[in-house]
Structure formats: C-alpha cells, structure tokens
Amino acid sequence: MTAAGAPTPEPATRPNEAWGPGHAIDVLRIGVGIVWLVNLLFIVNPANQYWTTFSSTARSFAPTTIGGPGLAEYVAAHPLFFSWTIALVTTYLAIALILGLTTRLACFVGSCFSAVLLATQFGTTFLFPGGTDVGAHPLYILVYAVLLVGGAGRWLSLDVWLRNALAARRRAHAVPSVLTPRPWAAAMPSRELVTLFVVGTLVSLGFGFGLVLAIPVPASNSTAAPPGPTSYVNLTVSINPLNGWPQYSPANFTIPAGTVVFTIVDNDSPMNWTACPCPVRGTVGGTELLNGTPMTSIPSANVAHTFNIPALGVQVLSPGQSTVQFSVAVSQPGEYIWYCFAPCGTGMDPYNSPPMDVAGYMTGTMTAT
Ligand SMILES: [Cu+2]
C-alpha cells in the first residue's frame, strides 16, 4: 500500500523457484521448523512420559523462577491446560514453519511463546548446565525476527502456492485484480508489521514476568506447631552403589499428623548450585538448623539437594557433607509428595535426568495418618 492507501501492483512472485542465495532465509525457516518437529516428537513419544510427568517437570522450575514458586505451582496444578497449550503451539510451529504456511503468523506466535517461556524461567536461562530447555529462547526470538524481516516464506512455501492458486483462479474467472490485504502471508514485511512483532514480543515478555510476580507463593500450611504428637524422621542422602545415583532414604515414610522433626544427614559431595534460590520456607519458625546453626537461607556454594513438600510450602536446603534439622507442622492427614529440586541429575541436563524425579531417589511420599 502507498501512503495514500491506494493499492500497488503486487510484486511478481516467482513461486517456489529454483535454488538461489536469496532462499537462505527459507532454509533457516525450515531448520527452525525441524527443531519444533523434534520437540513434537519428544512430546508424542510415550517413552518420555511428557503428559504424566508434566506437573513434576513444572515444579522442578520452581526454585529458579524469579518471584518464587507460585507460577510453577500453578502450572503444576493445572497440567491439562498447560501441557496441551505447549503441545498445540509446538505442533503449529512445526507445521507452519516447515511447510511455509502462515509464515508470518508463526514468527509472531513463536516469538511471543518464547518470550513468555523466557520470562517465566528466567532464572535458568543463562546458566550452564541447567538452561538447556530455556537457554535457546533468546536465540529463537532473534531467528523469528530475522525470518520476518527477511521475508521468509517465499520459497518452498504453501503461502506462495496458495497465493498463486488464488491469483490463477481470479484470472480464470476474470475477476478484477483487487488486492486484498494478507498481512500473514509471506512477503517483505511492512514497518507496521515489524513494529507489531517487536511490541508483541515485549508484551509477552512483560506478561511472563507479570505472571511469575503476580501469582503468590502457595501459603505455607503453618509456621506454628499444630496440636498433635511430635514425631521424628531421620533421612540420609547417600550414593547408591549400584548406579552411582544420590538417593534419599527412606523415600517413603508414615508419620502421625502433628509436628514432624526431620533430620537429614547428607553424605553427598558438595556442589555449587549458583542459581539456588536458597531461602528456607514453610518450616516451623521459618528456619532450618545447619550443623546446629539456625539459618533462614543457605549459601548457594554448597547445596547438594533440597527437600520440598509443595503442598505444605516447605523448602529446605541440604548442603553436602552436612546435617540439617527442621520441623514441619502437618495439620491434616493425607499423602504429601516431596521432591528434591536441586539439579542433581547425573545426565547431560542435571535438571531433567535421573535421579531427578525418580521415585525412591529424589521424590517420595510422606503419609500423614
Ligand atoms: Cu537431589
């Protein structure tokens, strides 16, 4: 469109023409589409248990979310909505980018999606190891911007095929060629579209940060001792000689509702968890005893494991080669799942490899009767 708003002749599009250097932008587009296709294959492969472990994966981000674990808990509590949203956006991006269908819309959706993920998991984005799931999102946003500005979708693209098919149909029916605005079809973008892209991405980033700051940390059940008996639980963290994994034992235990005094003897080696959000939460008095000294937060230099009971808002940090003690008020009978959220996995990604999330090692059940 010209400044006066009069339609300009549509530039001749040579559809899906032979390879030339100008098509590098569409090679990039297809490459990003393949990345999303790989993500989609991960989601649908039953071996990865995407659907069944979604909540615990979401919770594993809690310790490193700016603004506290509120959002991670909220996502974990609504797994159906969030797991499907992520799966559907992943499917759309894979199809749209590989086939060049609604290319511009895909750039917009992809950038906003990455911006929200980036904001909500900001604490682990720029860390290595640990940021492998979210560390790529700044790069993705950059790639979408390059695709949009570079006019991706002009080669090997269904957008072009559809446009030409429509044009041919119009010619065949002798319909006067009136240009209809097709803001999402592929072509060099207008300045307005680029502005919309930038604004949309920034708004999504702000929305993500707003979510993590606005959703409150789940209320701790109580920091005052409830009526009821006092019981004692002794846990140890040791390396399992069979597989070399650190392991809490016992992982499953039963206590009467009341005050539970925990002692954790951590025989694991020290580890430097630089992203550690190390405040103690949800214990009686809001403290833990580290080798006998009361602490309200723990220096991150040597946190080997954590002991979190999300339903009670409990977070306790367990440094290597140390003993911690704390009391938890359990006023209601029930089953309480505990987790270790420190990245103690032994694989490439220590946030998402065993024994993280492995029952009997870094998660288990406290049954209150
Ligand atoms: Cu651990």
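Structure shown above.
Attention here is on the structure that accompanies the text. Fair warning: this is a prediction, and the values are worked out from it, not measured in the lab. (Residues numbered from 1 in each chain as written. Predicted model: local features only at pLDDT ≥ 70, side-chain atom pairs only at ≥ 80, totals over all residues. Heavy atoms only, no water.)

1. Considering the coordination of the copper ion
Note on metal sites: the ideal angle is 109.5 degrees for four tetrahedral donors, and 90 or 180 degrees for six octahedral donors. The protein atoms donating to the copper ion are His305 (ND1), Cys340 (SG), Cys344 (SG) and Met362 (SD), with metal-donor distances spanning 2.2 to 2.5 Å. Coordination geometry of the copper ion: the 4 donor atoms subtend angles of 98 to 128° at the metal centre, consistent with an arrangement described as tetrahedral. The motif formed by the donor residues of the copper ion, counted along the single chain, is H-x34-C-x3-C-x17-M. A residue pair is termed long-range when its members are at least 10 positions apart, and His305 in strand E7 (residues 303-309) and Cys340 in the loop between strand E10 (334-339) and strand E11 (363-368) qualify at 35 residues. Here His305 falls in the buried class, since its relative accessible area comes to 0%. The class for Cys340 is buried, based on a relative accessible area of 2%. (Donors = N, O, S within 2.8 Å, 3.2 Å for Na, K, Ca; no water. Tetrahedral: all angles 85-135°; square planar, octahedral: opposite > 155°, others 65-115°. Helix = DSSP H or I, 4+ residues; strand = E, 2+ residues; numbered from the N terminus. Buried < 20%, exposed > 50% of the residue type's maximum accessible area, 1.4 Å probe, protein only.)

2. Side note on unusual backbone geometry
Here the amide bond leading from Ser249 into Pro250 is cis, since omega sits at -5°, within 30 degrees of zero. Relative to the helices and strands, Pro250 resides in the loop between strand E2 (246-249) and strand E3 (253-255). Cis geometry marks the peptide bond from Pro354 to Pro355; its omega dihedral reads 5°. Assignment of secondary structure puts Pro355 in the loop between E10 and E11.

3. Describing the sheet that holds E2
Spatially, 6 strands are ordered E2-E1-E4-E9-E5-E6 in an open sheet, and the strand pairing comes out mixed. Whereas interior strands pair on both sides, the edge strands pair on one side only; in this sheet they are E2 and strand E6 (293-295). Neighbouring strand axes in the sheet, compared pairwise and without regard to direction, differ in orientation by 25° on average. Sheet topology places strand E5 (residues 288-290) next to E6; 3 bridges connect them, and they run antiparallel. (Pairing = 2+ DSSP bridges. Axes fitted to C-alpha atoms, helices over the stretch in contact; angles between N-to-C directions.)

4. A closer look at the packing of helix H5 (residues 103-120) against helix H7 (residues 137-149)
Taken N-terminus to C-terminus, the directions of H5 and H7 make an angle of 160°; their axes are 9 Å apart at the nearest point. Relative to H7, the element H5 is oriented roughly antiparallel. Along this stretch, H5 crosses H7, giving a crossing that reads as left-handed. Contact with H5, carried on its side by Arg104, Ala106, Cys107, Gly110, Ser111, Ser114, Ala115, Leu117 and Leu118, involves His137, Pro138, Tyr140, Ile141, Tyr144, Leu147 and Leu148 of H7 and no other residues of that element. Of the residues in the contact of H5 with H7, the class split is 11 nonpolar, 4 polar and 1 charged. (Parallel < 35°, antiparallel > 145°, perpendicular 65-115°, else oblique. Left-handed = near helix turned anticlockwise from the far one by under 90°. Contact = heavy atoms within 4.5 Å. Nonpolar A, V, L, I, M, F, W, Y, C, P; charged D, E, K, R; others polar.)

5. What to know about the pattern of salt bridges
On inspection of all chains with the given rule, the structure shows 1 salt bridge. For Asp26, the salt bridge goes to Arg29, with nearest N and O atoms at 2.6 Å. Residue Asp26 and its partner Arg29 are located together in helix H1 (residues 24-44), separated by 3 residues, close to a single helical turn. Side by side, Asp26 and Arg29 carry an identical accessibility label, which is buried. (Salt bridge = Lys/Arg side-chain N within 4 Å of Asp/Glu carboxyl O.)

6. Some words on helix H9 (residues 191-214)
In a regular helix each residue adds 1.5 Å, so 24 residues correspond to 34 Å; H9 covers 34 Å between its end C-alpha atoms and thus fits that length. Of all the residues in H9, the buried ones are Leu193, Phe197, Gly200, Thr201, Ser204, Gly208 and Val212. Residues of H9 that are buried in the fold lie against helix H3 (70-77), H5 and H7. (Expected span 1.5 Å × (residues − 1).)

7. Overview of the nonpolar core
Among the nonpolar cores identified, the biggest contains 37 residues, and Tyr248, Phe262, Phe307, Val330 and Met366 are the most heavily contacted of them. Breaking this core down by element, the ones donating at least two residues are strand E1 (230-239), E3, strand E4 (258-266), E7, strand E8 (314-319), strand E9 (322-330), E10 and E11. What Met366 contacts, discounting residues up to four positions off in sequence, is Phe253, Ile255, Phe262, Ile309, Leu312, Val330, Gly334, Glu335, Tyr336 and Trp338. Core analysis: the next-biggest nonpolar cluster, separate from the first, contains 20 residues, Ala94, Cys107, Leu117 and Phe197 among them. (Core = buried A, V, L, I, M, F, W, Y, C linked by side-chain atoms within 4.5 Å.)

8. Some details on the packing of H1 against helix H4 (residues 79-99)
Between H1 and H4, the shortest axis-to-axis distance is 7 Å and the interhelical angle comes to 145°. For the element pair H1 and H4, the recorded crossing hand is left-handed. For the pair formed by H1 and H4, the contact residues are Arg29, Ile30, Val32, Gly33, Ile34, Trp36, Leu37, Asn39, Leu40 and Ile43 on the first element and Ala87, Thr90, Thr91, Leu93, Ala94, Leu97, Ile98 and Leu99 on the second. For the contact of H1 with H4, a count of residues per class yields 13 nonpolar, 4 polar and 1 charged.

9. Observations concerning the pairing of E8
Burial analysis of E8 places 6 of its 6 residues in the buried class, which makes it a mostly covered element. Bridge count for E7 against E8 is 6 bridges, and the pairing is antiparallel. Paired with Ile309 across the strands is Val314, a residue of E8. Where E7 folds back onto E8 in an antiparallel hairpin, the turn is made up of 4 residues, including Gly313, whose phi is positive at roughly 65°.

10. Some details on a nonpolar patch on the surface
A cluster of nonpolar side chains, namely Ile95, Leu99, Leu158, Trp161 and Leu162, defines an oily patch on the protein surface of about 440 Å² accessible area. Elements supplying a minimum of two residues to the nonpolar patch: H4 and helix H8 (158-172). Here the element with the most residues in the nonpolar patch is H8; it accounts for 3 residues. Counting through the fold element by element, Ile95 comes out in helix H4. Accessibility expressed as a relative area gives 43% for Ile95, which makes it partly exposed. (Patch = residues over 30% accessible without salt bridge, like charges linked within 9 Å, V, L, I, M, F, W, Y side chains within 5 Å. Areas by Shrake-Rupley, 256 points an atom, 1.4 Å probe, with all protein chains shown as cover.)

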